[in-house]
Amino acid sequence: MINTQFSYSEIFSFINEEEVKNNFVKLGNAYKTVCDRTGKGNDFLGWLDLPKDYDANFSQRIKNCADKLAAQSDVVVVIGIGGSYLGARAVIEALQHPFKPFVGGGRPSVLFAGNSISEDYMHGLLDVLEKKDYSLIVISKSGTTTEPAIAFRILKEHCEKKYGKSAAKDRIVAITDASRGALKKLATDEGYDTFVIPDSVGGRYSVLTPVGLLPIAVAGFDIDKLVHGAMEMREYLLQNNTFETNIAMQYALLRYLLYAEKNKRIELLVAYEPCLAYFVEWYKQLFGESEGKEHKAIFPAGAIFSTDLHSLGQYIQEGERHLMETVISVKNAKNKVAIPYDEKDADGLNYLQKMSMNEINLTAEKGTRLAHLDGGVPNFQISIPAINEASLGELIYFFEFSCAIGGYLLDVNPFNQPGVEAYKKNMFRLLGKPEK
Ligand code: PA5
């Protein structure tokens, strides 16, 4: 049973029910194309079965490796970019203490590298690693991506100098293709512990493979519960094949219609919890790389409220009307913080004293949703009971499934990313990379 709810009732002031019904056949075909694995890019649908194929041996191998890295490290650096990075970061930041470096908590801090070529970022990271015990997890499916390869070369050398070549081996884990790529060769030559990214799973759909699971387990979170949440969502989505009964079909069709028929070109995924900022980043990559091709698709953007109500809020309320908004609503906070009663009430806040901060946050969310609807911004709500492993697992599978349907509604291949090559070609030419 899933705990995620999707609500779209307010959408009917932007689209009429007939327009939605007229697209049921198209939606049914897109859903069937995903489930029957008959569409463009169908050799990359392995993610559909990841939660089902997860077994106790696989889970134990990941946990053993994670515990070993955790036991020997204050810090574990995850080196990767795009799908080889964002899923792990999204889940870890959602679940960990918001001030983890200050509170410790028994597990290592997970830091990230290889997602930029910033010299100052790398220098700062090396400053930290000088003073801490650390391990490295290097992730690249192709094994040839330049940004993580540069970071790994630098950090590998640092690690070998600090611990000696032989001991460094025990501190490096590679996650890559089963047989191809420079990283696979390096890992085999050096004898690193290695995990495989299945051929049939693309980077941005790989969070439930070792790509996401190992770093998440290192950070001390329950990967079994995460995958179980995804499994619940999988069963629900595969068992319900109509618009009325399937929340991913609802989301995929309605956002597609707002784009195709109502000129809503941008979707803001909004959260009222700062710890979901990287979940928003993960969504941006998932939808941006999956749908954005052939000069089509919604531009996936994001915002964290209340923060962005005091920056983007003005634009959302009154700027160009090409926006739609999808809100991740979290019903319960994990902790309670009372707002104190103040005799003088100089700030005029005593009227809030009986409410929890979370109730005030949810009220801000409701008030904002109504304001944005009045301002002409259609609004969806995805609600979860709380931020935990199970609800994140549900959300991950929900968004992946919706995205695959969305790609087929647009008639694009949701599983390739040909456009990413363009910047690389120029960069390599300008850098004078030797031809092979
Ligand atoms: O979703 C994708 O496939 C991409 O974002 C890749 O994950 C990203 O380009 C990194 O590729 P690789 O894992 O091959 O280094």
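Given the structure is predicted, the values throughout are model-derived calculations rather than measurements.

Procedures and definitions
- Residues numbered from 1 in each chain as written.
- Predicted model: local features only at pLDDT ≥ 70, side-chain atom pairs only at ≥ 80, totals over all residues.
- Heavy atoms only, no water.
- Domains from an automatic or database assignment.
- Contact = heavy atoms within 4.5 Å.
- Salt bridge = Lys/Arg side-chain N within 4 Å of Asp/Glu carboxyl O.
- Polar contact = N/O pair within 3.5 Å; in protein donor to acceptor, adjacent residues only side chain to side chain.
- Helix = DSSP H or I, 4+ residues; strand = E, 2+ residues; numbered from the N terminus.
- Nonpolar A, V, L, I, M, F, W, Y, C, P; charged D, E, K, R; others polar.
- Disulfide = S-S within 2.5 Å.
- Near = heavy atom within 4 Å.
- Areas by Shrake-Rupley, 256 points an atom, 1.4 Å probe, with all protein chains shown as cover.
- Phe/Tyr/Trp six-rings, centres within 6.5 Å; stacked < 30°, edge-to-face > 60°.
- Buried < 20%, exposed > 50% of the residue type's maximum accessible area, 1.4 Å probe, protein only.
- Lys NZ or Arg CZ within 6 Å of the ring centre and 35° of its normal.
- Pairing = 2+ DSSP bridges.
- Right-handed = clockwise from strand over helix to strand, strands pointing away.

J.: Would you explain the domain arrangement of the protein in this entry?
T.: Accessible area lost upon the coming together of the parts is a frequently used measure of interface size. Domain annotation of the protein identifies domain 1 (5–38 + 226–409) and domain 2 (48–221). Of the residues lining the interface, 29 residues belong to domain 1; the matching set on domain 2 comes to 23 residues. For the interface between domain 1 and domain 2, the tally reads three salt bridges. The residue E289 makes a salt bridge to R204 at a minimum N-O spacing of 3.1 Å. Inspection of the domain 1/domain 2 interface yields 10 residue pairs in polar contact (both at pLDDT 80 or more). Listing elements by their share of the side of domain 1 that touches domain 2, those giving two or more residues are helix 12 (223–239), helix 14 (277–291) and helix 17 (389–409). In terms of residue class, the side of domain 1 that touches domain 2 is made up of 18 nonpolar, three polar and eight charged.

J.: Hey, could you run me through the state of the cysteines in this one?
T.: By definition, a disulfide links two cysteine residues through a covalent bond between their sulfur atoms. Counted according to the given criterion, the structure contains zero disulfides. Free of any disulfide, C65 has its nearest neighbouring cysteine sulfur in C159, separated by 14 Å.

J.: Hey, could you run me through the site of the ligand in this one?
T.: The ligand sits among 13 residues. The nearest are S84, S140, S142, T145 and Q285. At a separation of 2.6 Å, an oxygen atom of the ligand approaches a polar side-chain atom of S140. The backbone of G203 places a nitrogen or oxygen atom 3.3 Å from an oxygen atom of the ligand. Contact with the protein chains hides 88% of the accessible area of the ligand, taken as 380 Å² for the molecule alone. Here the residues of the shell around the ligand sort into one nonpolar, nine polar and three charged.

J.: Can you help me understand the packing of aromatic side chains in this one?
T.: Geometrically, a pair of aromatic rings is defined through the distance of the ring centres and the angle of the planes. In the structure shown here, the tally under the stated rule is 30 aromatic pairs. Between Y251 and F399, the ring centres sit 5.9 Å apart and the planes meet at 85°, which makes this aromatic pair edge-to-face. A residue pair is termed long-range when its members are at least 10 positions apart, and Y251 in helix 13 (residues 247–262) and F399 in helix 17 qualify at 148 residues. Just as Y251 is buried, F399 falls in that class too. Their ring planes at 85° and their centres at 5.4 Å tell us that Y272 and F305 sit as a pair that is edge-to-face. With Y272 in the loop between strand 7 (266–271) and helix 14 and F305 in the loop between strand 8 (299–304) and helix 15 (313–318), this pair connects stretches of sequence that are 33 residues apart. For the pair shown, Y272 and F305 are each scored as buried. Here the basic side chain of R61 rests over the ring of F195, its NZ or CZ set 3.8 Å away from the ring centre.

J.: Can you help me understand the pairing of strand 6 (residues 193–196) in this one?
T.: On any regular strand, side chains alternate: one points to one face of the sheet, the next to the other face. In this sheet, strand 6 lies alongside strand 5 (residues 172–176) in parallel orientation, the contact comprising four bridges. Bridging across to strand 6, V173 finds its partner in D193. Handedness of the crossover is the feature at issue here: the chain leaves strand 5, passes through helix 10 (residues 182–190), returns alongside strand 6, and the resulting connection is right-handed.

J.: What is the right way to look at the pattern of salt bridges in this model?
T.: Scanning the model with the defined rule gives 27 salt bridges in all. The partner of E19 in a salt bridge is K262, with the nearest N and O atoms 3.0 Å apart. Here K262 lies in helix 13 and E19 lies in helix 1 (residues 17–21), a separation of 243 residues in the sequence. A relative accessible area of 28% means that K262 is categorised as partly exposed. The salt bridge involving K185 is made with D189; its shortest N-O contact spans 2.9 Å. Highlighted residues: K185 and D189, both in helix 10, separated by four residues, approximately one helical turn. Looking at D189, the relative accessible area reads 55%, which means it is exposed. The structure contains a network of salt bridges with shared partners spanning K156, E160, K165 and E190.

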